[in-house]
Amino acid sequence: MFAITGGDHVVMVDTGTSDPAFVREQHGYAKFERPAEHEPLRVLAAAGIDPADVGTIIYTHLHWDHCSNPELFPNARFIVQRDELAFAMDPVPIFRKAYQRTATAQPPILSVLGRVETITGRVEILPGITAVPLPGHTPGSQGVLVETDAGRFLLAGDCIDRYENWEGDATVDHLPSGSFINLIDFFDSFKTIESLDCEVIPGHDPRVLERRVFG
C-alpha cells in the first residue's frame, strides 16, 4: 500500500494482501506470514491515517496481493483501468488464481463494485496525480504519477518489480518480470516510463520499505 497525502483527502495506491491464513489456504503460499505490525489498519494508524479519510484508491492492477482489504475504506472510490476490471472478472485459466477468481474465492474488488470507477488510458485523477497505462504484466496495469515539490514519482506497480528490473542488464535496458501477459506491451510500457522524467518506485522492492517516504 502507498498513501499520497497533502491534497483534499488521502489517496491510496493499492491496498495490500489478504489475511495470512486466507492466503495460505487459497493461494498455496504455505510459509506466507504477515507480522502484526504490518496488518493494514495498524500500518495506517502508525502513519496517522484514518481509513474513513481515504477518499480515492487507485489500483495498479487487480491481482490479489495488490487489491485486498477494500472493505476497510468506507468512503473511498476505487479507480481501475476498464480493461483490467474486465479481465479480472473473466481471466484466462492460467491467471484465475492471481485474480482470486476460483470456485472458493472471488476477486476482492467485488465487495466494493458499486464504488468502482473505470478509466481508459491516461487520466488525471486529481491535481498532481495521474494514472498512466503500463500494460504487460496484466492487460490493464497502470502506474500512478505523482507531482511533488521534490519532483515527479511513479508508483509503477508490477510493471517494475524491483529496482534491478528498471536498471536492466548487459542485454536490455529494462527487465520485465517473470509474470506477464504480453511482453510486447511490457517493453512499450518501459518506453512510456522513460518519457515521464520521473523517479520510479517499484512495486515489490524491500528497499522501498526501508526508505518509506518519497517526496
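Residues numbered from 1 in each chain as written. Predicted model: local features only at pLDDT ≥ 70, side-chain atom pairs only at ≥ 80, totals over all residues. Heavy atoms only, no water.

Next up on the list: a nonpolar patch on the surface. Together, F180, L183 and F187 give the surface a local cluster of nonpolar side chains, amounting to about 230 Å² of exposed area. As for its position among the elements, F187 is in helix α6 (residues 183–194). Of the residues examined, F187 reaches a relative accessible area of 33% and is grouped as partly exposed. (Patch = residues over 30% accessible without salt bridge, like charges linked within 9 Å, V, L, I, M, F, W, Y side chains within 5 Å. Areas by Shrake-Rupley, 256 points an atom, 1.4 Å probe, with all protein chains shown as cover. Salt bridge = Lys/Arg side-chain N within 4 Å of Asp/Glu carboxyl O. Helix = DSSP H or I, 4+ residues; strand = E, 2+ residues; numbered from the N terminus. Buried < 20%, exposed > 50% of the residue type's maximum accessible area, 1.4 Å probe, protein only.)

Once that is clear, we can look at the nonpolar core. V54, I57 and L62 are the most contacted members of the largest nonpolar core, which totals 21 residues. Listed by contribution, the elements that provide at least two residues to this core are β2 (10–13), β3 (54–58), β4 (77–81) and α4 (82–89). Sort the elements by how many residues they give to this core and α4 lands first, with 3 residues. What I57 contacts, discounting residues up to four positions off in sequence, is M12, T15, F73, A76, R77, F78 and I79. (Core = buried A, V, L, I, M, F, W, Y, C linked by side-chain atoms within 4.5 Å. Contact = heavy atoms within 4.5 Å.)

So, on to the sheet that holds strand β9 (residues 151–155). With respect to topology, 5 strands assemble into an open sheet ordered β6-β7-β8-β9-β10, the strand pairing being mixed. The open sheet has two free edges, formed respectively by β6 (123–126) and β10 (199–201), since each of these has just one partner strand. Taking each pair of neighbouring strands and ignoring which way they run, the sheet shows an average axis angle of 30°. By the bridge criterion, 5 bridges tie strand β8 (residues 142–148) to β9 in an arrangement that is antiparallel. Residue pairing across strands places V146 opposite F153, the latter belonging to β9. (Pairing = 2+ DSSP bridges. Axes fitted to C-alpha atoms, helices over the stretch in contact; angles between N-to-C directions.)

On to α6, then. Here α6 spans 17 Å end to end across 12 residues, near enough to the 16 Å set by a 1.5 Å rise per residue. Among all positions in α6, only F186, S189, F190 and I193 are buried. For α6, the angular spread of the buried residues around the axis is 105°, confining them to a single face. Residues of α6 that are exposed and point more than 90 degrees away from the buried face comprise I184 and K191. The N-cap residue of α6 is N182: its side-chain oxygen and the backbone nitrogen of I184 are 2.9 Å apart. (Expected span 1.5 Å × (residues − 1). Arc of directions from axis to C-beta. Polar contact = N/O pair within 3.5 Å; in protein donor to acceptor, adjacent residues only side chain to side chain.)

For the rest of this paragraph, the subject is the pairing of strand β7 (residues 129–133). Within β7, 4 of the 5 residues are buried, which leaves it mostly tucked inside the rest of the structure. The pairing of β6 with β7 spans 3 bridges and is classified as antiparallel. Looking at the pairing, V123 lines up with A131 of β7. A loop of 2 residues connects β6 with β7, the two strands running antiparallel in sequence, and G128 in this loop sits at a positive phi of about 85°. Of the strand pairs in this sheet, β7 and β8 are connected by 5 bridges, and their pairing is antiparallel. Pairing of P133 across the sheet is with Q142, part of β8.

The next thing to look at is the pairing of strand β5 (residues 116–119). Pairing of β4 with β5 involves 4 bridges; the strand directions are parallel. Bridging across to β5, Q81 finds its partner in I119.

Turning to the sheet that holds β4, a few remarks are in order. Judged by pairing direction, the sheet is mixed, and its 5 strands sit side by side in the order β1-β2-β3-β4-β5 without closing on themselves. Lying at the two open borders of the sheet, with one neighbouring strand each, are β1 (2–4) and β5. For this sheet, the mean angle separating the axes of adjacent strands, direction not counted, is 25°. With respect to the sheet, α4 is in contact with β4 and β5, its orientation differing from that of β4 by roughly 90°.

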